[in-house]
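Letter by letter, the chains look like this.
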Amino acid sequence: MSARDGIFAGDDPFLLAQTWLAEAEATERNDPNAIALATVDPDGLPDVRMVLLKEIESHGDGRGAFVFYTNYDSAKGQQLAATPKAAFVMHWKSLRRQIRVRGTVTREEGPKAQEYYASRALQSRIGAWASAQSRPLASRNALMVEVAKQGARLGLNPPRPPFWGGFRIDPVQIEFWADGAFRLHDRFRWTRASGEPGAVWQVQRLSP
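Keep in mind that this is a model prediction, so the values were computed, not measured. (Residues numbered from 1 in each chain as written. Predicted model: local features only at pLDDT ≥ 70, side-chain atom pairs only at ≥ 80, totals over all residues. Heavy atoms only, no water.)

S.K.: With reference to specific residues and values, describe the nonpolar core.
M.R.: Counting residues in each nonpolar core, the largest one holds 32 residues, and the members touching the most others are Phe66, Phe88, Trp92, Ile99, Ile169, Ile174 and Phe176. Elements that contribute at least two residues to this core include exactly helix H1 (13–27), strand E1 (34–40), strand E2 (46–58), strand E3 (64–71), strand E4 (85–92), strand E5 (97–108), strand E6 (164–178) and strand E7 (186–191). In terms of residue count, the dominant contributor to this core is H1 (6 residues). Not counting the four nearest positions on each side in its chain, Ile99 is found in contact with Ala17, Trp20, Phe88, Val89, Met90, Trp92, Ile174, Glu175 and Phe176. Counting residues in each nonpolar core, the second largest holds 9 residues, with Val67, Tyr116, Ala128 and Trp164 among its members. (Core = buried A, V, L, I, M, F, W, Y, C linked by side-chain atoms within 4.5 Å. Buried < 20%, exposed > 50% of the residue type's maximum accessible area, 1.4 Å probe, protein only. Helix = DSSP H or I, 4+ residues; strand = E, 2+ residues; numbered from the N terminus. Contact = heavy atoms within 4.5 Å.)

S.K.: An account of helix H3 (residues 111–119) is requested, with residue identities and associated values reported.
M.R.: Listing the buried residues of H3 in full gives Ala113, Tyr116 and Tyr117. Angularly, the buried residues of H3 cover 100 degrees about the axis, an arc narrow enough to put them on a single face. Seen from the buried face of H3, the exposed residues on the opposite side, beyond 90 degrees, are Pro111, Glu115, Ala118 and Ser119. For H3, the secondary structure elements touched by its buried residues are E2, E3, E5, helix H4 (122–130) and E6. (Arc of directions from axis to C-beta.)

S.K.: So what's going on with the pairing of E6? Residues and values would help.
M.R.: Most of E6 sits out of view: 12 of its 15 residues are buried. Here 6 bridges tie E3 to E6, and the two strands are oriented antiparallel to one another. What sits directly across from Phe66, in E6, is Ile169. In the sheet, E5 pairs with E6 via 12 bridges, with the strands oriented antiparallel. Note on E6: the bridge partner recorded for Arg100 is Glu175. One ladder, built from 6 bridges, connects E6 with E7; its direction is antiparallel. In the sheet register, Trp177 faces E7, and the bridge partner there is Arg187. (Pairing = 2+ DSSP bridges.)

S.K.: Describe the side chain of Thr70, and please don't skip the residues or the numbers.
M.R.: One can find Thr70 in strand E3. Of the polar contacts made by the side chain of Thr70, one reaches the side chain of Lys76; its length is 3.0 Å. Residue contacts for Thr70: discarding those within four places in its chain leaves Lys76, Gln133, Phe163, Trp164, Gly165 and Phe167. (Polar contact = N/O pair within 3.5 Å; in protein donor to acceptor, adjacent residues only side chain to side chain.)

S.K.: Account for the pattern of salt bridges, with residues named and values stated.
M.R.: The full count for this structure, using the stated rule, is 13 salt bridges. Across the salt bridge formed by Lys112 and Glu57, the nearest N and O atoms sit 2.6 Å from each other. One end of the pair, Lys112, is in helix H3; the other, Glu57, is in strand E2, with 55 residues separating them in the sequence. Judged by its relative accessible area of 27%, Lys112 is partly exposed. Each of Glu55, Glu57, Glu108, Lys112 and Arg168 takes part in a single network of salt bridges with overlapping partners. (Salt bridge = Lys/Arg side-chain N within 4 Å of Asp/Glu carboxyl O.)

Put into structure tokens, the structure is as follows:
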């Protein structure tokens, strides 16, 4: 493949990412939307964990974002508040492809967060209230007691916790990678200037 065609074709990286994810949803057995999300702590030490990507926004003109949800008081939430930059990778064994993203981060706390929270199972909504995410826990039984307590307090329509919501990653770099024979992989890196969401994307092929 000498030109950017086939699975790499297109002029909008968000539409391309949506296409790859849709293909993965048909072949990947578990959590095709799982991403390994990397942040840094106050000392600059990297931290990484798996989270579920809930939306790839695309406006059809090269603008968009990647959205996930979490407890703002969690380790990743506090790290992103202090240093609002992140990177992640999505990897699909079934397709032998991956997408790497780096960018700046802002909170998603508006109607979109409300809508997503309301779409979750009731026990998941109650669990968001009950779990002091990332903080020490005496036992699983203590957690289940808190879940029962919050369930009794909140009823069947719990509101979204003020400490729970989304993060939007506005990328400055997106790389699409596909496995190649003899480790001669295909890689295309899309880049644009930081702080210029309307900037034109530049695409480069990278050596494997």
